Amino acid sequence: IPQANGGGFAGVDPRPLLKDLAASLASDFTANLEAMPEDRRTWQPFPGVRTAVDQAGESVQAFGWIVSALENRSMAGFQEEEPEIRTAVRREIAANIGDEMRRGVAAWEQAMDAVPADELDAMIPMFFPGWEESLQSNMIYAVWNARYHLGQIQYIQTLYGDLDPHMPPAE
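Let us look at the structure shown here.

About the cut-offs
Think of each chain on its own: its residues are numbered from 1, step by step along the sequence as written. With the structure being a predicted model, the display of local features is reserved for residues of pLDDT at least 70 and the display and counting of side-chain atom pairs for 80 or more, all residues being used for whole-chain, interface and lining totals. Computation of side-chain values: all heavy atoms of the structure, hydrogens and water removed. Helix and strand assignments come from DSSP, with helices taken as H or I runs of at least 4 residues and strands as E runs of at least 2, each series counted from the N terminus. When we talk radius of gyration, it's over C-alpha atoms, and the globule rule is simply 2.2 Å times the number of residues to the 0.38. Under this scheme, a helix contributes an axis fitted over its contacting stretch, all axes are lines through C-alpha atoms, and angles between N-to-C directions fall in the 0 to 180 degree range. Any angle that falls under 35 degrees is termed roughly parallel, while one over 145 is termed roughly antiparallel, one within 65 to 115 roughly perpendicular, and all others oblique. Contact between two residues is taken to exist if any of their heavy atoms lie within 4.5 Å; hydrogens are not considered. Polar here means any residue outside two lists: the nonpolar Ala, Val, Leu, Ile, Met, Phe, Trp, Tyr, Cys and Pro, and the charged Asp, Glu, Lys and Arg; Gly therefore counts as polar. Here the term buried applies to any residue with accessible area under 20% of the maximum for its type, exposed to any over 50%, and partly exposed to those in between, with areas from a 1.4 Å probe on protein chains only. Any pair of nitrogen or oxygen atoms within 3.5 Å is treated as a polar contact; in protein, a donor-acceptor pairing is required on top of that, and neighbouring residues in sequence qualify only through side-chain atoms on both sides. Left-handed describes a crossing whose near helix is turned anticlockwise from the far helix by less than a right angle; the clockwise case is right-handed.

**Let's talk about the overall build of the protein**
Now for step 1: On a plain count of helices and strands, the protein comes out with seven helices and two strands.
Now for step 2: Starting at the N terminus, the α and β elements of the protein follow one another as α-α-α-α-α-α-β-β-α.
Now for step 3: Computed over its C-alpha atoms, the radius of gyration of the protein comes to 16 Å, within 12% of the 16 Å expected for a compact globule of 171 residues.
Now for step 4: Overall, the C-alpha framework of the protein stretches about 45 × 40 × 25 Å when taken along its three principal axes.

**With respect to the packing of helix H4 (residues 52-72) against helix H7 (residues 135-159)**
Now for step 1: Following both chains from N to C, one finds H4 and H7 inclined at 175°, their axes separated by 9 Å at the closest point. Viewed along their axes, H4 and H7 adopt a mutual orientation that is roughly antiparallel. Across the interface between the two elements, Ala52, Gln55, Ala56, Glu58, Ser59, Ala62, Phe63, Ile66, Ala69 and Leu70 of H4 pack against Leu135, Asn138, Met139, Tyr141, Ala142, Val143, Asn145, Ala146, His149, Gln152, Ile153 and Ile156 of H7.
Now for step 2: Partitioned by chemical class, the residues of the contact of H4 with H7 number 15 nonpolar, six polar and one charged.

**Section: the side chain of Gln157**
Now for step 1: One can find Gln157 in helix H7.
Now for step 2: Look at Gln157 and you get buried, because its relative accessible area is 0%.
Now for step 3: Polar contacts involving the side chain of Gln157 include one to the main-chain carbonyl oxygen of Asn32, which spans 3.1 Å.
Now for step 4: Gln157 has contacts with Asn32, Ala35, Met36, Asp162, Asp164 and His166, leaving out every residue within four places of it along the chain.

**Here we look at the packing of helix H2 (residues 25-35) against H4**
Now for step 1: Contact geometry of H2 with H4 gives a least axis separation of 11 Å together with a crossing angle of 165°. What the angle tells us is that H2 and H4 run roughly antiparallel. As H2 packs across H4, the resulting crossing turns out to be left-handed. Residue-level contacts link Leu25, Phe29 and Leu33 of H2 to Ala52, Ala56, Ser59 and Phe63 of H4.
Now for step 2: Looking at side-chain class alone, the contact of H2 with H4 contains six nonpolar, one polar and no charged residues.

Now the structure itself:
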């Protein structure tokens, strides 16, 4: 997680910037997945490597994870699905990536807006004892994670020879 705990982040409200950064995610993911041949969406360049579908699905799921963290003020006890369930869920998400991303971002924005400004620096427990992150650090994670995985999808595309970044025109 890209930590935004204290330091230069203390007292900063990242929500307007984060919303701007998230605004194009649905169209960016859609453009890239639609540009991929069907068989490349679930292609693994090496055994055990996540596919483009996995990357897209996890990106949408991460917005939901952060909604949970913001609402519950904790990620302690979080458990991801079993691999077979995770793969099925992510394939379903990727099949409707634009709509799923828009829903995920909208829920994340609503959860962010519900956090009072004076609580942005509040620390919450994460996945294991002793690890804490600020609420704003969690907010940042969702966008960081999506942009990272979009880059991974574009990298997968380069591995099979597609060098076009497939970025739609700015809205």
